[in-house]
Amino acid sequence: MRQLDLTLSAEGRGFCYLLHDRATGQILRLTRGTAAAWHRFAGAVARPDARAALAEEDARAGFSALAYVRQMRDLQRFGRKRFNPVQMQIRLIEDLVPLQRAVGGVSRNAFGPLWIACLGALGLAAFVLGLRNDWALITQSHDVFSLDALLTFGIVAPFLKIIHEMGHVLAATRFNVRLRGGGVNLIGLYPIPFVDCSEADLTATRWQRILISGAGILTDIAVGLVLFIAWHVVSNPDAQLVIGRAFLFSTFTSLVFNANPLMRMDGYFILADLLSRRNLGTDASRALKRVRGRALGMSSAPLRSGDLPLAAYALASAAYRWLVILGLVWKLLPRYLGVGLLIGIWGGIVILLAPMQAAFRSAPATPESGGEARSLRRWRIPALLAVFLGALMFLPVAPREVIDVSPDTTGVYALAVSRAGLVVTVPPAEARLDTGETILTLDNPAFDAALHVAGLKLDEARVAAQVSAGAGAAGVQRGSDQVTAAQQGLRIAETDQAALTLRAAVPGRFIASETLVPGLWLQPGAVVGSFLPDGDETMMTGAFPETSVESWDLGVTRVTLRSDGRFIDIEPTRARLVEEINAGTMTTKRSLTLRLTVPGSPADVISAGQQVRIDFAPIPVWRHVAGWARGKIAQFRDAEIAERHRRLDNNEG
């Protein structure tokens, strides 16, 4: 009894009652009535003369609390911890008070005005450097899932987490909160350092607890700013690479995990204190169970105030954890097939199977409590879930593909010069033109000379025809043939000369593809832009994914074009698939192009921003899963080939 303290702790506008076991550090939260009963029970134990007046209910409440404390002590002292892949806690240090004494001087200035001023100065310096370098470090995040980056993350993560935990140590020391120890959390078998700040519930105010929880996040921000500045200061490329990846890791983990209230980390405890619900996760799980029971008709108990928001939080938390795991798998699977599958299976065990297994083991079945029947009931929901998922795999669902499309400016509407020449008249960047208006004028001295020579040859042929007229019918015929040949040569020269001027054949809109300057020499076939004529239909194209070819072969049921906020249904017969062969330097790859004829004038269609949604014939869900797996395997092979080519290029360099 002398090792147990009943503490009144502020929570929101009210108070909560905590029973603290100083021997083990365990904290038991009591209701107001139970706390009052314990207070009377403790008074009766301290004064033997008052034991006779102790009510039976107070005695029962006191002995129940003592039994729970003894059970927790025995479990901590003699209980063998089971393997739990979700989280295993290994305490390495039982008391961090010596460390708190060592950092006491620093902690008095931690997270105060001076610290805020330094953080603001670091933020301003990082902002200026980012603007000057066009945020080059942020743009390198596309390589965050490379093998080298993942290895770097795995090495630097524990050290960054130690710095993160030092933020908690400084904040706890500043508010005179004793740290009961520290060690390593094995989360998914990955080591993450931790410090035990549980006594903040007993001695710190709500806002002090919020700052202690947020100290790690603030420390991560400071470390991230220092790494960002260091990346711009160092000149060694290898050091820049390591610093850049450490910055990305620190930023990524702070945003996705530590600062996120949906994960049981710092952001969660901040939200719990802001809402004055220290057991937010437990309360949310119980609220979800009550809401689910009412919704499924399995319970008639009325809902409590706040159950719906708490249930929504529990659902959002579970969905977010799945989103993180699936997002990592989605990024890793195309590049590291086996590793991606391993992480996916392990993530499923960590998130779903391990908590279920822990729940089953938490209440062992006994003959007195009908253990055999309850053991069967434990597997009822998983069995029903398995049957439901099995039936779901055969449910027909229509595949759907959304493709970005635009007018065929590289084919049908491409405007190219047919003769070589020097640019004389520069075309407009974009303009609407009427029939006959000039778009581009070229000059070619060879065509000018050819036209002049063709005119002279025609004059000579006419003179020769007059002379040959006196030689009879044969001379007349010969002279006529010479004149005809000269006229054909003149027409060819005139055609070449006229082709140097591009004009609008019909009304429409011209869009230049590049900036031209006078005097620039253009070869035949050079594309200068696109001409979108006024008309009733537009030919649009877009890249079609290889993974949807099988669905295309099964049949298209609906085609919908989204353009300028409007949705237009297109006849499926107006869509066709064209196969093109792209011959590269080392490989030959097939590409598929969707060609779609849509209503509307090409001149009125914007060049980008349209999307077409294609609905295919329904297929079972298991075929969707198989197609997705084939697509990921194909992406993995493409990434493997690209990586091999990159290594070959580097070796050649």
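So, here is what we can say about the structure in this document. Quick caveat, the model's predicted, so the values are computed rather than measured. (Residues numbered from 1 in each chain as written. Predicted model: local features only at pLDDT ≥ 70, side-chain atom pairs only at ≥ 80, totals over all residues. Heavy atoms only, no water.)

**Thoughts on the sheet that holds strand β9 (residues 414-416)**
Here's step 1: Taken in spatial order, the four strands line up as β9-β16-β14-β11 in an open sheet, and their pairing is antiparallel. Looking along the sheet, the strands with just one partner apiece sit at the ends: β9 and β11 (430-433). Here the average twist between neighbouring strands, direction ignored, is 30°.
Here's step 2: Where strand β14 (residues 508-512) meets strand β16 (residues 527-533), five bridges bridge the pair, whose relative direction is antiparallel. Along β16, the bridge assignment pairs Gly508 with Pro533. (Pairing = 2+ DSSP bridges. Helix = DSSP H or I, 4+ residues; strand = E, 2+ residues; numbered from the N terminus. Axes fitted to C-alpha atoms, helices over the stretch in contact; angles between N-to-C directions.)

**Thoughts on the sheet that holds strand β3 (residues 27-30)**
Here's step 1: Read across the sheet, three strands follow the order β1-β2-β3 without closing on themselves; strand pairing throughout is antiparallel. One side of each edge strand has no neighbouring strand; the edge strands of this open sheet are β1 (4-11) and β3. Across the sheet, the mean angle separating the axes of adjacent strands is 30° when strand polarity is ignored.

**Considering unusual backbone geometry**
Here's step 1: The phi angle at Phe111 is positive, at roughly 60°, despite the residue not being glycine.
Here's step 2: The topology assignment puts Phe111 in the loop between α4 (104-107) and α5 (113-132).
Here's step 3: Non-glycine residue Asn176 carries a positive phi angle of around 60°.
Here's step 4: Inspection of the secondary structure puts Asn176 in the loop between α7 (147-174) and β5 (182-187).
Here's step 5: The exposed category is assigned to Asn176, whose relative accessible area is 68%. (Buried < 20%, exposed > 50% of the residue type's maximum accessible area, 1.4 Å probe, protein only.)

**Focus: the pairing of strand β22 (residues 610-616)**
Here's step 1: β22 sits mainly inside the fold: five of its seven residues count as buried.
Here's step 2: Two strands pair when backbone bridges link them, and strand β8 (residues 400-407) and β22 are joined in this way by six bridges, in the antiparallel orientation. By the bridge assignment for β22, Val402 is matched with Arg613.
Here's step 3: Strand direction decides the pairing type here: strand β18 (residues 556-563) and β22, joined by six bridges, are antiparallel. Among the inter-strand pairings, Val559 is bridged to a residue of β22, identified as Ile614.

**Comments concerning the environment of Gly479**
Here's step 1: For Gly479, the location among the structural elements is in helix α18 (residues 473-498).
Here's step 2: Every residue in contact with Gly479, bar those within four places of it in the chain, is listed here: Ala461 and Ala465. (Contact = heavy atoms within 4.5 Å.)

**Some thoughts on helix α1 (residues 32-46)**
Here's step 1: The end-to-end C-alpha distance of α1, which contains 15 residues, comes to 21 Å, matching closely the 21 Å that a straight helix rising 1.5 Å per residue would cover.
Here's step 2: Buried within α1 are the following residues: Ala35, Ala37, Trp38, Phe41 and Ala44. (Expected span 1.5 Å × (residues − 1).)

**Thoughts on the pairing of strand β17 (residues 537-544)**
Here's step 1: Counting buried positions over the eight residues of β17 gives six, a clear majority of the element.
Here's step 2: Pairing of β8 with β17 involves two bridges; the strand directions are antiparallel. Bridge pairing links Ser406 to Thr541 in β17.

**Comments concerning helix α11 (residues 266-274)**
Here's step 1: For α11, every residue scored as buried is listed here: Asp266, Gly267, Tyr268, Ile270, Ala272 and Asp273.
Here's step 2: Ser276 sits one or two positions beyond α11 and adopts a positive phi of about 60°.

**Considerations on the packing of helix α9 (residues 206-233) against α11**
Here's step 1: Interaxial distance between α9 and α11 falls to 9 Å at its minimum, and their mutual angle equals 165°. In terms of orientation, α9 lies roughly antiparallel with respect to α11. Seen from above, α9 lies across α11 with left-handed handedness. Mapping the contact onto sequence places Arg206, Trp207, Arg209, Ile210, Ser213, Gly214, Gly216 and Ile217 in α9 and Asp266, Gly267, Phe269, Ile270, Asp273 and Leu274 in α11.
Here's step 2: Its residues assigned to classes, the contact of α9 with α11 comprises six nonpolar, four polar and four charged. (Parallel < 35°, antiparallel > 145°, perpendicular 65-115°, else oblique. Left-handed = near helix turned anticlockwise from the far one by under 90°. Nonpolar A, V, L, I, M, F, W, Y, C, P; charged D, E, K, R; others polar.)

**Re the pattern of salt bridges**
Here's step 1: Summed over the entire model, instances satisfying the criterion amount to 21 salt bridges.
Here's step 2: Across the pair Asp201 and Arg209 runs a salt bridge, and its minimum N-O distance is 4.0 Å.
Here's step 3: Residue Asp201 is classed as partly exposed on the basis of its relative accessible area, which comes to 25%.
Here's step 4: When the shortest N-O distance is used, the salt bridge between Arg290 and Asp307 registers 2.9 Å. (Salt bridge = Lys/Arg side-chain N within 4 Å of Asp/Glu carboxyl O.)

**Points about the side chain of Thr538**
Here's step 1: Of note, Thr538 is situated in strand β17.
Here's step 2: Classification of Thr538 by relative accessible area gives buried; the value is 1%.
Here's step 3: With residues up to four places along the chain from it excluded, the contact list for Thr538 reads Pro407, Tyr413, Leu596, Thr597, Val598, Gly600, Ser601, Pro602 and Val605.

**Remarks on the environment of Gly436**
Here's step 1: Along the polypeptide, Gly436 turns up in the loop between β11 and β12 (438-443).
Here's step 2: Assessed through its relative accessible area of 37%, Gly436 is described here as partly exposed.
Here's step 3: Measuring from C-alpha to C-alpha, the distance between Gly436 and Pro507 comes to 8.5 Å, with 71 residues separating the pair along the chain.
Here's step 4: Those residues in contact with Gly436 that sit more than four places away from it in its chain are Arg503 and Ala504.

**Quick word on the packing of aromatic side chains**
Here's step 1: On inspection of all chains with the given rule, the structure shows six aromatic pairs.
Here's step 2: Put simply, the rings of Trp38, Phe41 and Phe63 touch in pairs and so form one group of aromatic residues. (Phe/Tyr/Trp six-rings, centres within 6.5 Å; stacked < 30°, edge-to-face > 60°.)

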